Amino acid sequence: MKIVFMGTPEFAVPSLKALLNSKKEITAVVTQPDKPSGRGKRLTPPPIKVLALNSGVKILQPERLKDEAFLNALKEINPDIIVVAAYGKILPKDIIQLPRYGCINVHASLLPKYRGAAPINWAIINGEKETGITIMQMDEGLDTGGILLQKGIEITKEDTAETLTNKLSKIGAGLLIEGLNAIEKGEIKAIPQDNSKASYAPMLKKEDGQIDWTKGAEDIYNMVRGMDPWPGAFTYCKGELWKVWRVRHVDARKGHSGEILAADKDRIDVASKDSVISIIEIQPANKKRMPVSEFLRGHKVEAGVILGK
């Protein structure tokens, strides 16, 4: 079985590693173009390209999936199946219909819930207790294809989008190999999704990270975890940007939403709609992440100030 793998970020790395270790025939890796990164805006390859380079696999980095030269290259390879894991772009019909076994996707939710670009983030933000991996047969819709395999996992109260991504990427790798083996043997059939149960997880934008202190403490706690590491939750204190990385939900005296109630030792207590959130890890503008205890040694934080302004 000739396989073309399409993926870009760290989430896709365990899946490609599992394919390489399985000794299956990986004929090419398709990933997005190198992009400027960091303060110096240095051109940086995607994690999947780094792994592919180290493995000696042919790499394709088209600017556009409908580019004629790229499509011709794929046709020349003539893959039996295309495996997609967080590639980052919707595949056109010409690619989906090219391989003998079609295209399969490693998706980080229990479809039909959380179709779309940011399923891990939104599962945490929405307070879900469980998520998982779906191996699906791709069609032209947005994560609407038939389900081949699924495996669930608990979302713990300590999980962030980063920790949950790491867990799910490993589960996805194992489930992918299981699915490919079953496809090769003709032992698996895609089951149509129940569209009436579908929900969506749109791509996050930087502004989505701004904390709304008029929400309940549990909602804010989940939002901060779901925005870590990107775009990062943030608020403003007297016009100064604070990135908020870790919080605790505590039951304490109430105040106006967004009001700093106390700043003491290792925490800044802020009133939400129904309770109190303690900020315990913070990143002031142009500084590194730090415990609030370190921040308070160099900054005076006054009770009564309303955050978000």
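Anything mentioned here points back to the structure above.
For the structure given in this document, a descriptive report is provided here. (Residues numbered from 1 in each chain as written. Predicted model: local features only at pLDDT ≥ 70, side-chain atom pairs only at ≥ 80, totals over all residues. Heavy atoms only, no water.)

Contact pair helix H1 (residues 13–21) / helix H6 (residues 161–185): the axes reach a minimum separation of 8 Å and the direction vectors enclose 40°. By the criterion of interaxial angle, the relationship of H1 to H6 is oblique. Read as a crossing pair, H1 and H6 show a hand that is right-handed. Here Pro14, Ser15, Ala18 and Leu19 of H1 lie close against H6, whose contacting residues are Ser169, Lys170, Gly172, Ala173, Leu176, Ile177 and Leu180. Here the contact of H1 with H6 is built from residues that sort into 7 nonpolar, 3 polar and 1 charged. (Axes fitted to C-alpha atoms, helices over the stretch in contact; angles between N-to-C directions. Helix = DSSP H or I, 4+ residues; strand = E, 2+ residues; numbered from the N terminus. Parallel < 35°, antiparallel > 145°, perpendicular 65-115°, else oblique. Left-handed = near helix turned anticlockwise from the far one by under 90°. Contact = heavy atoms within 4.5 Å. Nonpolar A, V, L, I, M, F, W, Y, C, P; charged D, E, K, R; others polar.)

In terms of burial, helix H7 (residues 217–226) is largely enclosed, as 8 of its 10 residues are buried. For H7, every residue scored as buried is listed here: Ala217, Ile220, Tyr221, Asn222, Met223, Val224, Arg225 and Gly226. (Buried < 20%, exposed > 50% of the residue type's maximum accessible area, 1.4 Å probe, protein only.)

In this structure, Pro229 follows Asp228 across a cis peptide bond, with omega equal to 20°. Note the cis peptide between Trp230 and Pro231, where omega equals 5°. As for its placement among the helices and strands, Pro231 is situated in the loop between H7 and strand E10 (233–237). With phi around 70°, Lys23 is a residue other than glycine that occupies positive phi space.

Moving on: the pattern of salt bridges. Overall, the coordinates contain 11 salt bridges when judged by the stated rule. Glu184 is paired through a salt bridge with Lys24; the nearest N and O atoms lie 3.0 Å apart. With Glu184 in helix H6 and Lys24 in the loop between H1 and strand E2 (25–30), the pair connects residues that are 160 residues apart, well separated along the chain. Among the residues examined, Glu184 registers a relative accessible area of 38% and is labelled partly exposed. Among the residues examined, Lys24 registers a relative accessible area of 17% and is labelled buried. The residue Glu302 makes a salt bridge to Lys238 at a minimum N-O spacing of 3.3 Å. Taken together, the residues span a long stretch of sequence, with Glu302 in the segment after helix H8 (292–298) and Lys238 in the loop between E10 and strand E11 (240–250) at a distance of 64 residues. (Salt bridge = Lys/Arg side-chain N within 4 Å of Asp/Glu carboxyl O.)

Let us look at the packing of H1 against helix H2 (residues 47–55). It is at 9 Å that the axes of H1 and H2 come closest, and there the two elements cross at 20°. Looking at the two axes, H1 sits roughly parallel to H2. The way H1 lies across H2 gives a crossing that is right-handed. Taken together, the residues of H2 that come into contact with H1 (itself represented by Val13, Leu16, Lys17 and Leu20) are Pro47, Ile48, Leu51 and Ser55. Among the residues forming the contact of H1 with H2, the class breakdown is 6 nonpolar, 1 polar and 1 charged.

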